Structures are given as C-alpha cells and as structure tokens.
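Inside the fold
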Amino acid sequence: MQKYEWQGIYELSVPELDGDHKTMLEIVNLVAQAAHAGNREKCNKELSRLLEFSLSHFSREEQLFDAWGYGEADVHRQHHAGIYQKALDNFRKLDTLPENETNARYCDEALAYFIDEVIGGDMKIKSFLIERGIATPKDGMMSVS
Ligand SMILES: [Fe+2]
Ligand SMILES: [Fe+2]
C-alpha cells in the first residue's frame, strides 16, 4: 500500500504548525491502512482521532494568529469551523454506505480534510509570513521580531 508522503509544498516554516500537520498526515495514513485492510471500525476510530486532533491544532494555530497580528484571523477561524463541519458530515455519511463502496472513500475524505486545511487554508498564512519576513521561502528559517 502506498503511503501519503509529506511534501515540501506543505511546509509553512513554522515548526509547531508543520509538526501538527505532519501528525494529521500520519493519521490520514492510518485511515488509509485501516481502509486497505477493510477494517471499518478502525477507519472510524482514526477519523475521529483526526477530527479531535485537528481541533487542538486549530486552536494552536489561531493563538499564533493573535501573536502575529494576522489580519485574516477571523476569516481563517471561519475556514477551520467550515472544513470541520464539512468533514464531520462527510465522515458520518461514510458509515452508512455499503462496505464495498467505503474503502477508497475513507482515504479520499481523510486526505481531502488534510488538503483543505494545509493547502486550502494555511497557504495564505505562508504568504503573510513571507511578506512580513517572519518566514523566508528559501531556507525555511523563521525569525520572530
Ligand atoms: Fe493548519
Ligand atoms: Fe489553518
């Protein structure tokens, strides 16, 4: 089974956020592993863990917005609430599908949640950090003024 690998494009150059995102991707891989094994119970358990972990991640990220004076903090908070609700609804629906339809869907939905957060939302933080000189795209170093 192929693993979803961490990509350079996911990197924000903010160690605590990158660490959280890596943990999210690890859980996505556990969902994929369980789906591959046809273990629906484990899939549901890992999806719950993904949602739970993402909530603590969102709160860490939002605290950094305040520390940075990030102007789009409210829009991003809404983004978090929106993708969480969407994922919650999608994950619940999965459990109602017949077994033969679910395995690939579990992987897709888990990965989609990760991508919605890291690419769909957090890339905007990256532009802000680079603009402000907090993160540099070249070497990934971060300085706090
Ligand atoms: Fe994030
Ligand atoms: Fe985010």
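To be clear, the structure that these remarks concern was listed above.
Keep in mind the model is a prediction, meaning the values are calculated, not measured. (Residues numbered from 1 in each chain as written. Chains lettered and ligands numbered in written order. Predicted model: local features only at pLDDT ≥ 70, side-chain atom pairs only at ≥ 80, totals over all residues.)

**Considering the overall build of the protein**
Keep this limit in mind: The helix and strand labels rest on DSSP assignments: H or I over at least four residues marks a helix, E over at least two residues marks a strand, and numbering proceeds from the N terminus. To get the radius of gyration, use the C-alpha atoms; to get the globule rule, take the number of residues to the power 0.38 and multiply by 2.2 Å.
From N to C terminus, the protein includes five helices and zero strands. Mapped from its N terminus to its C terminus, the protein presents α and β elements in the order α-α-α-α-α. For 145 residues, the compact-globule formula gives about 15 Å, and the C-alpha radius of gyration of the protein, at 16 Å, lands near that figure. Dimensions of the protein, computed from the C-alpha atoms along their principal axes, are close to 55 × 30 × 20 Å.

**Focus: helix α3 (residues 73-94)**
As a reminder, the rule being used: In this scheme, a helix's expected span is set at 1.5 Å multiplied by one less than its residue total. Residues with at least 20 neighbouring C-beta atoms inside 10 Å of their own are called buried, those with 12 or fewer are called exposed, and the rest are partly exposed, where every C-beta is derived from the backbone. The arc in question is traced by the directions running from the helix axis to the C-beta atoms. Note on contacts: each residue gets a C-beta atom placed from the backbone, and two residues are in contact if those atoms are within 7 Å.
Between the first and last C-alpha of α3 there are 32 Å, a value that for 22 residues agrees with the 32 Å anticipated at 1.5 Å per step. When we look at burial in α3, the residues that qualify are His 76, Ile 83, Ala 87, Phe 91 and Leu 94. Viewed along the axis of α3, the buried residues span an arc of 65°, placing them on a single side of the element. Opposite the buried face of α3, at more than 90 degrees from it, the exposed residues are Asp 74, Val 75, Gln 78, Ala 81, Gln 85, Asp 89, Arg 92 and Lys 93. On its buried face, α3 sits against α2 (40-68) and α4 (99-118).

**Some details on the nonpolar core**
Operational definition: The term nonpolar core refers to a set of buried Ala, Val, Leu, Ile, Met, Phe, Trp, Tyr and Cys residues connected through C-beta atoms within 7 Å.
Grouped together as the largest cluster of nonpolar side chains are 22 residues, with contacts concentrated most on Val 28, Val 31, Ala 35, Leu 50, Tyr 106, Ala 110 and Phe 114. Counting only elements with at least two residues in this core, the list comes to α1 (15-36), α2, α3 and α4. No other element matches the eight residues that α1 contributes to this core. Once residues lying within four places of it in the same chain are set aside, the contact partners of Val 28 are Tyr 4, Leu 50, Ala 110, Leu 111 and Phe 114. The next biggest cluster of nonpolar side chains, apart from the first, holds six residues, and it includes Leu 17, Ile 125, Leu 129 and Ala 135.

**Things to note about the environment of Ser 13**
On the secondary structure map, Ser 13 appears in the segment before α1. Given 17 C-beta atoms within 10 Å, Ser 13 falls into the partly exposed group. With 60 residues separating them in the primary sequence, Ser 13 and Ala 73 have C-alpha atoms 18 Å apart.

**Describing the environment of Asp 89**
Among the secondary structure elements, Asp 89 is positioned in helix α3. Put simply, Asp 89 and Glu 16 are 73 residues apart on the chain and 28 Å apart in space, counted from C-alpha to C-alpha.

**A few points about the packing of α1 against α2**
Between two packed helices, the angle of one axis relative to the other and the distance separating the axes together describe the packing. Our working rule: Each axis is a line fitted through C-alpha atoms, and for a helix only the stretch in contact is used; angles between axes span 0 to 180 degrees, taken between their N-to-C directions. Reported orientations rely on four angle classes, namely roughly parallel under 35 degrees, roughly antiparallel over 145, roughly perpendicular from 65 to 115, and oblique for the rest. Under the scheme applied, nonpolar residues are Ala, Val, Leu, Ile, Met, Phe, Trp, Tyr, Cys and Pro; charged residues are Asp, Glu, Lys and Arg; polar residues are all the others, including Gly.
Following both chains from N to C, one finds α1 and α2 inclined at 170°, their axes separated by 9 Å at the closest point. The angle between the axes of α1 and α2 places the two elements in the roughly antiparallel class. From α1, Glu 16, Leu 17, Asp 20, Thr 23, Met 24, Ile 27, Val 28, Leu 30, Val 31, Ala 34 and Ala 35 reach across to α2, where they touch Lys 42, Cys 43, Glu 46, Leu 47, Arg 49, Leu 50, Phe 53, Ser 54, His 57, Arg 60 and Glu 61. Of the residues belonging to the contact of α1 with α2, the class tally is twelve nonpolar, three polar and seven charged.

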